[in-house]
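# Observations on the model geometry
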Amino acid sequence: MKVALIGCGSIGTVVADAMNENKDVQLKYVYDIDVKKAVEFAKKFHTEYKDFDEILKENLDLIIEAASQDAVRTLIPKTLRAKKNVMIMSTGALTDEKLFKEIKELAEKNNLKVYLPSGAIVGLDGIKSAGNKIDRVMIKTTKHPKSLEGAPFFEKHHVDLSEIKKPTIIYEGTAEEAVKLFPSNVNVAASLSLAGIGPKRTKVQIIADPNITSNIHEIIAEGKFGVLKTRVENVPSPDNPKTSYLAALSAIATLKKISEPIQVGT
Ligand SMILES: NC(=O)c1ccc[n+]([C@@H]2O[C@H](COP(=O)([O-])OP(=O)(O)OC[C@H]3O[C@@H](n4cnc5c(N)ncnc54)[C@H](O)[C@@H]3O)[C@@H](O)[C@H]2O)c1
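Note that the structure is a prediction, hence the values are computed from the model and not measured.

### Considerations on unusual backbone geometry
The phi dihedral of His 46 is positive, around 55°, even though this residue is not glycine. Structurally, His 46 is set in the loop between helix H2 (35–44) and strand E3 (48–49). For His 46, a relative accessible area of 69% puts it in the exposed group. With a phi close to 65°, Lys 83 is a non-glycine residue in the positive phi region.

Spelled out as structure tokens, the structure:
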């Protein structure tokens, strides 16, 4: 399988490392808005940096986005028009109904696949199975205050994150709203909502806890199928505490799922 990668950051590094060790997958090209970073990354992982429009002219099986919601908006529709399958990590962008519809229609028209890995959460198998039998679903995300720094939410809500001494609820709302206010933190809520009952009906709670070192995600869903509860305590990536290591591992697992004949799990 011939692959290109958008985004030479934390997830990109873990994924590129795994691809270098798997002879069935070749990382042919990388692209990043930060050209210097991408050139150094390409050198480190024995691959090539190219301008994105040039990458699209190449014969590739898959393009992996591990960059930002903005990259999804600006680069993914043209990737599908260029007839390439895609994997999207910045799933928050897909809570925008218009963009979601455009991406779905382009994939259908060109007979392509759009893969959304489970990311930093567990339980999407059960959520997908329960489907429209879910009445209520909520994700509770607990992070160290430092991991929430810089989110657009704080432009209007003046919270001194350095003053938080005990677990504190920072935000409660819908997945649709949360991905705009915490774009780097709650892709998990977007993925949950896309697997389940949609961004408007999926509830989100964000808690800042100065006494933890992991990113904790708990899902509670109830409905005609019963009750589902999951909890994961994620190790943050060393160079980007907003991103959980499991998210990068889920991209690698998805690559494996695409290339292997037997698919385990829903
Ligand atoms: N689905 C999930 O569960 C999940 C979990 C963690 C992170 N994420 C998301 O995955 C993405 C990557 O995460 P990360 O930790 O590797 O981030 P990172 O900040 O470490 O790296 C992102 C890289 O992408 C580049 N970039 C940003 N916008 C770009 C654009 N428009 N075009 C090209 N390059 C661009 C940056 O320069 C940077 O090098 C983020 O959007 C993050 O929110 C998703």
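### Some points on the pattern of salt bridges
Evaluated as defined, the whole model comprises 13 salt bridges. The partner of Glu 102 in a salt bridge is Arg 81, and the shortest N-O contact between them spans 3.0 Å. Residue Glu 102 is found in helix H5 (residues 97–109), and its partner Arg 81 is found in helix H4 (residues 69–81); the two are separated by 21 residues along the sequence. Here Arg 81 falls in the partly exposed class, since its relative accessible area comes to 47%. In this structure, Asp 135 and Lys 224 form a salt bridge, with 3.2 Å as the shortest nitrogen-oxygen distance. Separated by 89 residues along the polypeptide, Asp 135 in strand E7 (residues 134–143) and Lys 224 in the loop between strand E10 (215–223) and strand E11 (226–234) bring together distant segments of the chain. One salt-bridge network, held together by shared partners, links Glu 97, Glu 176 and Lys 200.

### Brief notes about H4
Compared with an ideal rise of 1.5 Å per residue, which puts 13 residues at 18 Å, H4 spans 19 Å between its outermost C-alpha atoms and is within 8% of the ideal. The largest bend in H4 is about 40°, located at Leu 75, with the proline Pro 77 one to four residues further on. Buried within H4 we find Gln 69, Ala 71, Val 72, Leu 75, Ile 76, Pro 77, Thr 79 and Leu 80. Two residues or fewer past H4, Lys 83 is found with a positive phi of approximately 65°.

### Structural notes on the packing of aromatic side chains
Each pair of aromatic rings is reported with the distance of its centres and the angle of its planes. Evaluation of the coordinates by the stated rule reveals eight aromatic pairs. Consider the rings of Phe 153 and Phe 182, whose centres lie 5.0 Å apart with planes at 25°: the pair is stacked. Taken as a pair, Phe 153 in helix H8 (residues 153–156) and Phe 182 in the loop between helix H9 (175–181) and helix H10 (187–195) lie far apart in primary sequence, 29 residues in all. The same class applies to Phe 153 and to Phe 182, which are both buried. Chaining the aromatic ring pairs together yields one cluster made of Phe 153, Phe 154, Tyr 171 and Phe 182.

### Some thoughts on a nonpolar patch on the surface
On the surface, Val 235, Tyr 245 and Leu 249 cluster together to form a nonpolar patch covering roughly 270 Å² of accessible area. Counting through the fold element by element, Tyr 245 comes out in helix H11 (residues 245–259).

### Here we look at the sheet that holds strand E9 (residues 202–208)
A sheet is described by the order of its strands in space; here five strands give the open sequence E8-E9-E7-E10-E11, paired in mixed fashion. The strands lining the two open edges of the sheet, one partner per strand, are strand E8 (168–174) and E11. Recorded for the sheet is a direction-independent mean angle of 15° between the axes of neighbouring strands. Two strands pair when backbone bridges link them, and E10 and E11 are joined in this way by nine bridges, in the antiparallel orientation. Within the sheet, the bridge partner assigned to Ala 221 lies in E11 and is Leu 228. Seen against the sheet, H10 touches E7, E9 and E10 and runs at an angle of roughly 165° to E7.

### Section: the site of the ligand
Taken together, 24 residues lie near the ligand, and Asp 32, Lys 37, Ser 90, Asn 187 and Thr 243 sit nearest. Here an oxygen atom of the ligand and a backbone polar atom of Ser 10 are 2.9 Å apart. Separating a nitrogen atom of the ligand from a backbone N or O atom of Ile 33 is a distance of 3.1 Å. In the complex, the protein chains occlude 86% of the 860 Å² of accessible area that the ligand would expose alone. Mapped by element, the contributors of at least two residues to the shell around the ligand are helix H1 (10–20), H10 and strand E13 (240–244). For the shell around the ligand, the residue count by class is twelve nonpolar, ten polar and two charged. For the shell around the ligand, the two domains that each supply at least three residues are domain 1 (2–116 + 247–259) and domain 2 (124–234).

### Structural notes on the side chain of Ser 90
For Ser 90, the position within the fold is in the loop between strand E5 (85–88) and H5. Among the polar contacts made by the side chain of Ser 90, one reaches the main-chain amide nitrogen of Ser 68 at a distance of 3.4 Å. Sequence-distant contacts of Ser 90, defined by excluding residues within four places in its chain, comprise Glu 65, Ala 67, Ser 68, Gln 69, Val 72 and Asn 187.

### Points about the domain arrangement of the chain
Considered domain by domain, the chain is made up of domain 1 (2–116 + 247–259) and domain 2 (124–234). For domain 1 and domain 2, the distance between their C-alpha centroids amounts to 25 Å. The interface of domain 1 with domain 2 comprises ten residues on the first partner and ten residues on the second. Around 730 Å² of area is buried between domain 1 and domain 2 when both sides are counted, 55% of it from carbon and sulfur atoms. Of all residues in domain 1, Gln 69, Thr 91 and Thr 95 give up the largest surface area on contact with domain 2, accounting jointly for 60% of the area buried on that side. Counting across the interface, domain 1 meets domain 2 through one salt bridge. Ionic pairing is found between Glu 97 and Lys 200, a salt bridge with its closest N-O pair at 3.2 Å. Here domain 1 and domain 2 share six residue pairs in polar contact (both at pLDDT 80 or more) between them. Among the residues forming the side of domain 1 that touches domain 2, the class breakdown is four nonpolar, five polar and one charged.

Each value, and the rule that gives it
- Residues numbered from 1 in each chain as written.
- Predicted model: local features only at pLDDT ≥ 70, side-chain atom pairs only at ≥ 80, totals over all residues.
- Heavy atoms only, no water.
- Helix = DSSP H or I, 4+ residues; strand = E, 2+ residues; numbered from the N terminus.
- Buried < 20%, exposed > 50% of the residue type's maximum accessible area, 1.4 Å probe, protein only.
- Salt bridge = Lys/Arg side-chain N within 4 Å of Asp/Glu carboxyl O.
- Expected span 1.5 Å × (residues − 1).
- Bend = angle between axes of the 7 residues up to and from the residue.
- Phe/Tyr/Trp six-rings, centres within 6.5 Å; stacked < 30°, edge-to-face > 60°.
- Patch = residues over 30% accessible without salt bridge, like charges linked within 9 Å, V, L, I, M, F, W, Y side chains within 5 Å.
- Areas by Shrake-Rupley, 256 points an atom, 1.4 Å probe, with all protein chains shown as cover.
- Pairing = 2+ DSSP bridges.
- Axes fitted to C-alpha atoms, helices over the stretch in contact; angles between N-to-C directions.
- Contact = heavy atoms within 4.5 Å.
- Near = heavy atom within 4 Å.
- Polar contact = N/O pair within 3.5 Å; in protein donor to acceptor, adjacent residues only side chain to side chain.
- Nonpolar A, V, L, I, M, F, W, Y, C, P; charged D, E, K, R; others polar.
- Domains from an automatic or database assignment.
- Buried area = accessible area lost by both parts, 1.4 Å probe.

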